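Next come the chains, spelled out residue by residue.
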Amino acid sequence: MANTTQISKDELEELREAFAKVDLDGSGFISDYELHFLFKEANLPLPGYKVREIIQKLMNDGDKNKDGKIGFEEFVFLVQELKSSDIAKTFRKAINRKQGICAIGGTSELSSEGTQHSYSEEEKYAFVNWINKALENDPDCKHVLPMNPNTNDLFRALGDGIVLCKMVNLSVPDTIDERAINKKKLTAFTIQENLNLALNSASAIGCHVVNIGAEDLKAGKPHLVLGLLWQIIKIGLFADIEISRNEALAALLRDGETLEDLMKLSPEELLLRWANYHLENAGQERINNFTSDIKDSRAYYHLLNQIAPKGQKENEERIDIDMSGFNEKDDLKRAEYMLQQADRLGCRQFVTPSDVVSGNPKLNMAFVANLFNKYPALSKPENQDIDWTLLEGENREERTFRNWMNSLGVNPHVNHLYNDLQDSLVILQLYEKIKVPVDWSKVNKPPYPKLGANMKKLENCNYAVDLGKSPAKFSLVGIGGQDLNDGNPTLTLALVWQLMRRYTLNVLEDLGDGAKANDDTIVNWVNSTLADAGKTSSIQNFKDKSISTSLPVVDLIDAIQPNSINYDLVKTGSLSDEDKQQNAKYAVSMARRIGAKVYALPDDLVEVKPKMVMTVFACLMGRGMKKV
């Protein structure tokens, strides 16, 4: 690195913006096959052979995890090397100078070699204001709220885990049982528990938290705190941008499209489609993004004018958007005038005028998502030939599998379980997570050709099934690549479940020095651990009806970490359905609080769903074997 050119703060910001445009799910990583898009976005176009050489070198030397993922720091490192080479002649700035980038000393190996972690002051400012508003009336947060967005209050305020737990529940209600949050007389130990609870719960709702630990949050490491917060906030903002949860989105259907076509769109794509629907109704041109196309605020002006309530519904106040600022010549002033109108709708969140003018991708997308959630201004189509039976929505098992995949950082982000697995790229990444080698030279990667795209995807699916049969040795009788390509729910889930099961068992085998684990191994460990701790509960198998009370789970948690359970909160005796539900909610949250990464939901325990029950006990066994 001695001869490697250093990156200035301005250049670092430009690279970060380029990275964000390719990292659409905000995970902080891109896949190796997306690297050529990233170089183009950074205005550093390279020939295909050169990109392949870089990927090969990165996988051999720079990719510490050998996971085919490239983080922002690795990308900056590549650019530093390229700028030091002859290719530097082609390098030029691609994006206008941005303000507000902060650089801090990092702890990674790359950081020690000269690269710095970076974080956005704009994002910090936006997230602080969002949290202040969302939790302003929560008595448990009075000790840290309101935060000053112009200071580092945020990084200190999140250090005890309470605000993070609350934010998880705001995004996905009832994820965390409030009774499991330590709120009074906090100690280093109870703070650690809160942070465990927040992180494991964030993982359970689909956040990628593999490289984030409780100590990072306690220390208030800005880039990690902001990265986690963005994922949590985004999940909440996008929750209702889903046609099965909001049938009025069918109004966005275009000529020749079916409901099934619309269901395949990601939340980001639906959000853009929604904005364009209103722009077209206003007689305006479509926008292609929430970055360069909204910088002059004019599209936002028209959008606000279209969605503002017209006072036509009962008890609805009419709000007329003042368009007088539309013709202001100064971009920043025009953006400010536009945001003043957004404020009249109660939607001046996430962006400042400079965020609009600079085209900050995350914050502008959040701004528009918040507009959608408050004023969708859509009506469910009537008298159209639409097959509404397609809108069954995601069931609990599907949601659990999808969140598990996303928590592992798969790329692309899985929004719709079956549609997003139809080219098997995600499935192949999951094979690597369970230590089944994938020959990526055999894999077709996007962008797929216009002609024969489905054939390329089918080839991937056939390869995924072949890997499942050997070397994974899964039971895949009657499952073929075509079933995955068709999005067959039953057969796709059969493969996904075996991937999740193997992943869970691998964790136990790693802790057990390679000893094979199976259902009997787990059941025997559970019962011996309960007996050794003097508990009276036990289980026969993962179908044991006693599990519906969650008492064996609660007792096991207390056996693993003595005195962690407040038994005054646990219902015993003859239990009603509500009693069982309350026990299950407490058990799942307490399992996460002591450090078990549980993906199952309380209903899985109450209904004794064997597959999910197995994962609960396996995760607790893993936590017990760590002896931490």
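Rules and cut-offs
- Residues numbered from 1 in each chain as written.
- Predicted model: local features only at pLDDT ≥ 70, side-chain atom pairs only at ≥ 80, totals over all residues.
- Heavy atoms only, no water.
- Helix = DSSP H or I, 4+ residues; strand = E, 2+ residues; numbered from the N terminus.
- Buried < 20%, exposed > 50% of the residue type's maximum accessible area, 1.4 Å probe, protein only.
- Contact = heavy atoms within 4.5 Å.
- Areas by Shrake-Rupley, 256 points an atom, 1.4 Å probe, with all protein chains shown as cover.
- Core = buried A, V, L, I, M, F, W, Y, C linked by side-chain atoms within 4.5 Å.
- Lys, Arg positive; Asp, Glu negative; His and termini not counted.
- Salt bridge = Lys/Arg side-chain N within 4 Å of Asp/Glu carboxyl O.
- Polar contact = N/O pair within 3.5 Å; in protein donor to acceptor, adjacent residues only side chain to side chain.
- Phe/Tyr/Trp six-rings, centres within 6.5 Å; stacked < 30°, edge-to-face > 60°.
- Lys NZ or Arg CZ within 6 Å of the ring centre and 35° of its normal.
- Patch = residues over 30% accessible without salt bridge, like charges linked within 9 Å, V, L, I, M, F, W, Y side chains within 5 Å.
- Charge placed at Lys NZ, Arg CZ, Asp CG, Glu CD.
- pLDDT = per-residue confidence, 0-100.
- Axes fitted to C-alpha atoms, helices over the stretch in contact; angles between N-to-C directions.
- Parallel < 35°, antiparallel > 145°, perpendicular 65-115°, else oblique.
- Left-handed = near helix turned anticlockwise from the far one by under 90°.
- Nonpolar A, V, L, I, M, F, W, Y, C, P; charged D, E, K, R; others polar.

Chemist: Help me understand the overall build of the protein chain, please; the structure alone is not making it clear to me.
Modeler: The helix and strand tally for the protein chain stands at 27 helices and four strands. Buried positions account for 54% of the 628 residues belonging to the protein chain. Taking the intrachain contacts of the protein chain between residues at least 6 apart in sequence as the baseline, contacts between residues at least 24 apart amount to 62%. In the form shown here, the protein chain has an accessible surface area of approximately 28100 Å², with 47% of it arising from carbon and sulfur atoms.

Chemist: Looking at this structure, how should I read the nonpolar core?
Modeler: Side chains of nonpolar character tend, in soluble globular proteins, to be buried together. Counting residues in hydrophobic clusters, the biggest one holds 172 residues, and the most contacted among them are W274 and Y431. The element that contributes the greatest number of residues to this core is helix α11 (residues 222-238), accounting for ten residues. L15, L46, F72 and V76 belong to the second-largest nonpolar core, a separate cluster that totals 22 residues.

Chemist: How should the side chain of D355 be read in this particular structure?
Modeler: Within the element layout of this structure, D355 appears in helix α16 (residues 353-358). Despite its burial, D355 remains without a salt bridge, the nearest opposite charge being carried by R16 at 8.0 Å.

Chemist: Before we go on, may I ask you to explain the pattern of salt bridges in this structure?
Modeler: Pairing is possible between side chains of opposite charge, provided their charged atoms come close. Considering all chains together, one arrives at 32 salt bridges under this definition. With a closest N to O distance of 2.7 Å, R179 and D177 form a salt bridge. The exposure class of R179 is partly exposed, given its relative accessible area of 28%. Its salt-bridge partner being E280, residue R286 comes within 2.3 Å of it at the nearest N-O pair. Given the relative accessible area of 46%, R286 is considered partly exposed.

Chemist: Would you mind showing me how to read the side chain of H208 here?
Modeler: Within the secondary structure layout, H208 lies in the loop between α9 (188-204) and α10 (214-218). Here S407 takes part through its backbone oxygen, which lies 2.9 Å from a polar atom of the side chain of H208. Polar side-chain contacts of H208 include one of 3.3 Å to the backbone nitrogen of G409.

Chemist: Before we go on, may I ask you to explain the packing of aromatic side chains in this structure?
Modeler: As enumerated under the stated definition, the model contains eleven aromatic pairs in all. Between F401 and W497 the ring centres are 6.5 Å apart and the planes differ by 40 degrees, which places this aromatic pair in the tilted class. Pair noted here: F401 is in helix α18 (residues 396-407) and W497 is in helix α22 (residues 489-511), with a separation of 96 residues, a long-range link. Linked through ring pairs, F19, F72 and F75 together constitute an aromatic cluster. Sitting over the face of the ring of F326, R298 holds its NZ or CZ atom 5.4 Å from the ring centroid.

Chemist: So what exactly am I meant to see when it comes to a negative patch on the surface here?
Modeler: The grouping of E260, D261, D385 and D387 at the surface amounts to a negative patch. The topology assignment puts D261 in helix α12 (residues 259-263).

Chemist: Can you walk me through the environment of R245 in this structure?
Modeler: Summarising the element assignment, R245 is placed in the loop between α11 and α12. Judged by its relative accessible area of 56%, R245 falls in the exposed class. Distance from R245 to G393, taken between C-alpha atoms, is 7.2 Å for residues 148 residues apart in sequence. Excluding its chain neighbours within four sequence positions, the residues that come into contact with R245 are A239 and D240. A polar side-chain atom of R245 sits 3.4 Å from a polar atom in the side chain of D240.

Chemist: What is the right way to look at the confidence of the model for the protein chain in this model?
Modeler: Do not read the fine detail of predicted coordinates wherever pLDDT is low. Averaged over every residue, the pLDDT of the protein chain is 89; the share at 70 or more is 89%. Counting interchain partners and residues more than four positions distant, the pLDDT-below-50 stretch residues 86-99 has 31 contacts. Here residues 105-115 scores under 50 on pLDDT; set against residues more than four positions off or in separate chains, the count is 20 contacts.

Chemist: I keep staring at the packing of helix α14 (residues 298-307) against helix α17 (residues 361-374) and nothing clicks. Help me out?
Modeler: Angle between the axes and distance between the axes: these two values describe a pair of packed helices. Relative orientation of the contacting elements α14 and α17 amounts to 15 degrees, with a least axis distance of 12 Å. As the angle between them shows, α14 and α17 are arranged roughly parallel. Relative to α17, the crossing made by α14 is left-handed. Residues Y300, L303, L304 and I307 of α14 form the contact with α17, whose own contacting residues are N364, F367, V368 and L371. When the residues that make up the contact of α14 with α17 are grouped by side-chain class, the tally is seven nonpolar, one polar and no charged.

Chemist: Help me understand the packing of helix α8 (residues 162-171) against α11 in this model?
Modeler: Direction vectors running N to C along α8 and α11 enclose 25 degrees, while the axes themselves pass 7 Å from each other. For the element pair α8 / α11, the angle class is roughly parallel. Only L228, L229, I232, I233 and G236 of α11 make contact with α8, whose side of the interface consists of L164, M167, V168 and S171. Classifying every residue of the contact of α8 with α11 gives seven nonpolar, two polar and no charged.

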